[in-house]
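# Report on the structure
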Amino acid sequence: MSVLVIAEHDNVSLKGATLNIIAAAKKIGGDIDVLVAGEGCGAVAQAAAAAEGVKKVLVADNAAYGHQLAENVAALVAEKGKGYSHILACASTTGKDVLPRVAALLDSQQISEIIGVESSDTFQRPIYAGNAIATVQSSDAIKVITVRPTAFDPVAATGGAAAVEAIADAKDAGVSSFVKDEMAKSDRPELGGASIVISGGRGMQNGDNFEMLYRVADKLGAAVGASRAAVDAGFVPNDMQVGQTGKIVAPQLYVAVGISGAIQHLAGMSGSKVIVAINKDEEAPIFQVADYGLVADLFEAVPALEAELNKVL
Amino acid sequence: MKVLVAVKRVIDYNVKARVKADQTGVDLSNVKMAMNPFCEIAVEEAVRLKERGVATEVVVVSIGPKAAQEQIRTALALGADKGVHVETDVEVEALAVAKLLKAVVEKEQPGLIILGKQSIDTDNNQTGQMLAALCGYGQATFASEVTVSGDKVEVTREVDGGLRTVALKLPAIVTTDLRLNEPRYASLPNIMKAKKKPLETVSPADLGVDVTPRLKTLKVVEPAKRSAGIKVASVEELVSKLKNEAKVI
Ligand SMILES: Cc1cc2nc3c(=O)[nH]c(=O)nc-3n(C[C@H](O)[C@H](O)[C@H](O)COP(=O)(O)OP(=O)(O)OC[C@H]3O[C@@H](n4cnc5c(N)ncnc54)[C@H](O)[C@@H]3O)c2cc1C
Ligand SMILES: Nc1ncnc2c1ncn2[C@@H]1O[C@H](COP(=O)(O)O)[C@@H](O)[C@H]1O
């Protein structure tokens, strides 16, 4: 058995989630190699080589892979992946974009967003917005899998000394090109990896009111998320959406402010250790999953929370 | 240009799925079914392209049991021109769906193919990408803006850090995200008109595709239940509990 893990990165640094994917690979067993496809991504390869449990790092450093265009990266992964029993990637927007393309090229039925490894061919994954957990067994020769990073504790980022091998060939399918990025800038922690997340919903009423949440978040070192309703209404950017079809988070503490608790939202945060809900409607479904519920008007409760945190922290 | 849209029949998004007692799957008997919400967005986008004069014909395809014709009729009522039903009672996996769609693409020769990004039942998020691979086309997943000009399409995609725009040569595949558009409702006269629009039925065998599943579902269980905790009376009590009881701040 041998596992090829596709590195999650931005050409500059290796994303922490890659360490969680390597952890899932360890549970499957066998040698673990990491593939870094990018442009000017030498530092990423070095970081991957230092991760615990990695045998070899393959680096394809070429303009064709600079923007993670699925057509190009998938062709490379499908070719290099042929020699492995498993190909794993993060269930991020990049992994979700690239890996099904790889699976189709290898005639394999992908297993999406696993949260558990039972054996080398049997995995657990949530379906129906997390309302059911399926255990599925694959009969494909090469198992192509995306992994929910929050479901696996990361391996150590340092201590490994894998060999780094360059791949020369560039696959440019010539059907797609990068135009531009408009990335949301934030000094706060990333949603996926933050240990505290505070999210706002439709109850926030507008984007300016999110300032209240940002102040509490900065006091706690927290990331800020949102419900779909808050994103659709234009209060905050799309990458802040938590839920079935947004980001999946599992922090130590999740604070839901002015969020009703629709199943699609719960799918994204019910793996959190401690959940706090602040909502003026005591019947709101969010209270059914909250460890601590505060029935209150958020416009009073959130400033009071900031003041209280300033007192005790 | 012809636009092909793939729509799936799934559990209505308002219904909470219940696991069967024998752990073989989710109970779908007497459950409200509907078009997958991301597919509604795909149909809406195709219809808007037609209204803008970019598309000349909108063909909608669904793979599933006889009842999936309801979702095709809905799409026809929303403005699609023709339906193709690939009828099968097998629960067809994403790879096989992509192979069936490829056969339809070969027949219909669309310039643009729009799918949802994700089925809300299997939560797979695979089919569009797989179809793009099998056809050798470019793909733009999680679209929030689609602009066709000449022989190319520019698509803004919702990605983890924000928005990314790519350009693809046509024919190409687009999968929809929530912010692409707000789907309209079908009017009664359009629902009546839809009954007269053409709907072809074919079988997977007609299309030469083997739909035998690759994955075996060993069991389906409920997730570990979270129980409701306590209500706190004040912000002071909340902070004290978080600090001293839960020890998370
Ligand atoms: C295909 C599909 C995918 C979806 N994916 C997602 C997803 O990924 N993530 C997601 O979040 N949703 C998703 N949804 C949407 C989901 O169904 C809900 O519509 C959404 O989560 C509701 O957001 P909300 O709780 O902010 O708004 P609402 O349901 O409107 O709730 C607002 C809450 O704020 C409270 N409130 C209002 N004012 C105050 C105040 N002053 N003080 C205190 N409380 C107040 C109200 O009591 C209410 O409970 C999806 C839906 C579909 C169909
Ligand atoms: N049985 C099906 N019939 C038609 N389209 C489908 C079917 N299954 C998946 N699709 C399309 O593929 C998209 C993504 O589905 P999935 O890969 O299953 O998450 C859906 O939104 C549909 O557009």
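These numbers come from a predicted model, not from an experiment. Along every chain, residues carry numbers that run from 1 in the direction the sequence is written. Lettering of chains starts at A and numbering of ligands starts at 1, both following the order in which they are written. Per-residue local features are limited, in this predicted model, to residues with pLDDT of at least 70; the limit for side-chain atom pairs, both in listing and counting, is 80 or more; totals at the level of whole chains, interfaces and linings are taken over all residues. Here the side-chain values reflect all heavy atoms present in the structure, with hydrogen atoms and water set aside.

## Side note on the site of ligand 2
Residue and element names in this part refer to chain B. The environment of ligand 2 is formed by 18 residues, the closest being Ala6, Ile63, Ser119, Asn125 and Thr127. Each polar contact in these results corresponds to two N or O atoms within 3.5 Å; when the atoms are within protein, one needs to be able to donate a hydrogen and the other to accept it, and residues that are neighboring in sequence are counted only if both atoms are side-chain atoms. Ala6 places a polar main-chain atom, nitrogen or oxygen, 2.7 Å from an oxygen atom of ligand 2. Residue Gln126 places a main-chain N or O atom 2.9 Å away from an oxygen atom belonging to ligand 2. Looking at the shell around ligand 2, the elements with two or more residues in it are β4 (57–64) and β6 (112–116). Classifying every residue of the shell around ligand 2 by side-chain character gives seven nonpolar, ten polar and one charged. Residues are labelled near a given molecule or strand when at least one of their non-hydrogen atoms is within 4 Å of it. The helix and strand labels rest on DSSP assignments: H or I over at least four residues marks a helix, E over at least two residues marks a strand, and numbering proceeds from the N terminus. Three residue categories are used. Nonpolar comprises Ala, Val, Leu, Ile, Met, Phe, Trp, Tyr, Cys and Pro, charged comprises Asp, Glu, Lys and Arg, and polar comprises the others, including Gly.

## What about the pairing of strand β9 (residues 143–147) of chain A?
Residues and elements named next belong to chain A. Type-normalised accessible area, obtained with a 1.4 Å probe on protein chains alone, sets the label of each residue: buried when under 20%, exposed when over 50%, and partly exposed for intermediate values. With five of its five residues buried, β9 lies for the most part within the structure. Here β9 shows two buried faces, one formed by Lys143, Ile145 and Val147 and the other by Val144 and Thr146. Relative to β9, strand β4 (residues 86–90) runs parallel, the two sharing five bridges. Each bridged residue has a counterpart across the sheet, and for Leu88 the counterpart in β9 is Ile145. In terms of strand pairing, strand β5 (residues 111–114) meets β9 through two bridges, oriented parallel. Within the sheet, the bridge partner assigned to Ile111 lies in β9 and is Ile145. Strand pairing is assigned whenever DSSP identifies at least 2 bridges connecting the two strands.

## Structural notes on empty space enclosed by the protein
Only protein atoms enter the calculation, which uses a 1 Å grid: trapped sets of points that fit a 1.4 Å probe without letting it out are cavities, open sets showing protein on both sides within 12 Å along at least five of seven lines are pockets, and any residue with an atom within 4 Å of a point is a lining residue. Grid points are joined across faces, edges and corners, and a volume is the space filled by probe spheres set on the points. Tallied over the entire structure, the rule returns four cavities of 30 Å³ or more. Here the largest cavity defines a volume of roughly 170 Å³. If you go around the largest cavity, you meet 17 residues; those closest to its centre are Glu113(A), Arg148(A), Gln244(A), Gln118(B) and Asp123(B). Elements supplying a minimum of two residues to the lining of the largest cavity: α4 (93–105) and β5 of chain A.

## As for the interface of chain A and chain B
Counting residues at the interface gives 86 residues for chain A, matched by 79 residues for chain B. Counting each side, the surface lost to burial between chain A and chain B is near 7000 Å², with a carbon and sulfur contribution of 54%. Residue Asp181(A) pairs with Arg164(B) through a salt bridge whose shortest N-O separation is 2.7 Å. For the interface between chain A and chain B, the tally reads 53 residue pairs in polar contact (both at pLDDT 80 or more). Among the residues making up the side of chain A that touches chain B, the classes are represented as 39 nonpolar, 29 polar and 18 charged. Bridge analysis of strand β8 (residues 132–138) of chain A against strand β12 (residues 215–221) of chain B gives six bridges, and the strand direction is antiparallel. Looking across to β12(B), one finds that Gln137(A) is bridged to Lys216(B). In what follows, residue pairs with any heavy atoms lying within 4.5 Å of each other are defined as contacts. Accessible surface is computed with a 1.4 Å probe, and the buried area is the amount of it that two parts give up when combined, taken over both parts together. Any Lys or Arg side-chain nitrogen located within 4 Å of an Asp or Glu carboxyl oxygen qualifies as a salt bridge.

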